[in-house]
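# Overview (structure and organization)
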Amino acid sequence: MLGSLSASKGRTVGEQFAHIHNVRLMWLKSAAPDLLAGLLKVEKEPGADKKLLRKSLTDSGKAITSLLGRAVGDGGKVKGFKPHVSAFLGYLISHESHHRGQIILSLKQSGNVLDKKILFGIWEWGVR
């Protein structure tokens, strides 16, 4: 499934997840380089390694959470991002949602349709 490619070509599903992680690292490098400790860019080839992607996304997500917390505590500014921390969070949500949509479409087009529980679950934020 991670190798699934959309009908319009572009990145595979694994490469999409790697891209999300790598963009997080780009922002961390700019805004809070100290939070990069232990985080590594996921290159194209290892982008098909589900275990690596899961760990990378979890770890970069925790670092982004720390960055957001710092920004709120530091008057609402994220170094390298012009507006305020709320806009930065909006940017991150938009960017990752865009790629989530591409991932779901790539899976669907390649015959790997996600279970309805997962598809509905991404919108049921209060349910875990």
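## So, the nonpolar core
Ranked by size, the top nonpolar core spans 18 residues in total, and within it Trp-27, Leu-28, Leu-35, Ile-64, Leu-67, Val-78 and Phe-88 carry the most contacts. Looking at this core, the elements with two or more residues in it are helix H1 (13-31), helix H2 (50-73) and helix H3 (85-109). Dropping the residues within four chain positions of it, Leu-35 is found in contact with Leu-28, Ala-63, Ser-66, Leu-67 and Arg-70.

## Some points on the packing of H1 against H2
In helix packing, the relevant descriptors are the interaxial angle and the interaxial distance, both defined with respect to the helix axes. Orientation of H1 relative to H2, taken along the N-to-C sense of each, is 30 degrees, at an axis distance of 10 Å. Taken together, the axis directions place H1 and H2 in an arrangement best described as roughly parallel. For H1 against H2, the interelement crossing comes out left-handed. Along its contact with H1, which presents Gly-14, Phe-17, Ala-18, Ile-20, His-21, Arg-24, Leu-25, Leu-28 and Ala-31, the element H2 presents Leu-53, Ser-56, Leu-57, Ser-60, Gly-61, Ala-63, Ile-64 and Leu-67. Classifying every residue of the contact of H1 with H2 gives 11 nonpolar, 5 polar and 1 charged.

## Points about H1
Along an α-helix, residues three or four apart share an orientation, since each turn contains 3.6 residues. Here H1 spans 28 Å end to end across 19 residues, near enough to the 27 Å set by a 1.5 Å rise per residue. With 15 of 19 residues buried, H1 is to be regarded as a mostly interior element.

## Examining the pattern of salt bridges
For the coordinates displayed, the defined rule picks out 3 salt bridges. When the shortest N-O distance is used, the salt bridge between Glu-96 and Arg-24 registers 2.9 Å. With Glu-96 in helix H3 and Arg-24 in helix H1, this pair connects stretches of sequence that are 72 residues apart. Assessed through its relative accessible area of 22%, Glu-96 is described here as partly exposed.

## Observations concerning the pairing of strand E2 (residues 81-84)
Direction of pairing for strand E1 (residues 77-78) relative to E2: antiparallel, over a ladder of 2 bridges. Bridge assignment links Val-78 to a residue of E2, and that residue is Phe-81. Between E1 and E2, which pair antiparallel in sequence order, lie 2 residues; one of them, Gly-80, sits at a positive phi of approximately 90 degrees.

## Things to note about the packing of H1 against H3
Axis separation between H1 and H3 bottoms out at 9 Å; the angle between their running directions is 170 degrees. Relative to H3, the element H1 lies roughly antiparallel. Contact residues: H1 offers Val-13, Gln-16, Phe-17, His-19, Ile-20, Val-23, Arg-24 and Trp-27, while H3 offers Phe-88, Tyr-91, Leu-92, His-95, Glu-96, His-99, Gln-102, Ile-103, Ser-106 and Leu-107. Looking at the contact of H1 with H3 residue by residue, the class counts come to 10 nonpolar, 6 polar and 2 charged.

## Focus on H2
Here H2 is 24 residues long and its end C-alpha atoms lie 35 Å apart, about the 34 Å a rise of 1.5 Å per residue gives. By the burial criterion, the buried members of H2 are Leu-53, Ser-56, Leu-57, Ser-60, Ala-63, Ile-64, Leu-67, Leu-68 and Ala-71. Looking at the buried residues of H2, the elements they touch are H1, E1 and H3. Two or three places before Lys-51, at the start of H2, stands the capping residue Asp-49, its side-chain oxygen 3.1 Å from that residue's backbone nitrogen. One or two residues past the end of H2 sits Gly-75, with phi positive at roughly 85 degrees.

Reading the values: the criteria
- Residues numbered from 1 in each chain as written.
- Predicted model: local features only at pLDDT ≥ 70, side-chain atom pairs only at ≥ 80, totals over all residues.
- Heavy atoms only, no water.
- Core = buried A, V, L, I, M, F, W, Y, C linked by side-chain atoms within 4.5 Å.
- Buried < 20%, exposed > 50% of the residue type's maximum accessible area, 1.4 Å probe, protein only.
- Helix = DSSP H or I, 4+ residues; strand = E, 2+ residues; numbered from the N terminus.
- Contact = heavy atoms within 4.5 Å.
- Axes fitted to C-alpha atoms, helices over the stretch in contact; angles between N-to-C directions.
- Parallel < 35°, antiparallel > 145°, perpendicular 65-115°, else oblique.
- Left-handed = near helix turned anticlockwise from the far one by under 90°.
- Nonpolar A, V, L, I, M, F, W, Y, C, P; charged D, E, K, R; others polar.
- Expected span 1.5 Å × (residues − 1).
- Salt bridge = Lys/Arg side-chain N within 4 Å of Asp/Glu carboxyl O.
- Pairing = 2+ DSSP bridges.
- Polar contact = N/O pair within 3.5 Å; in protein donor to acceptor, adjacent residues only side chain to side chain.

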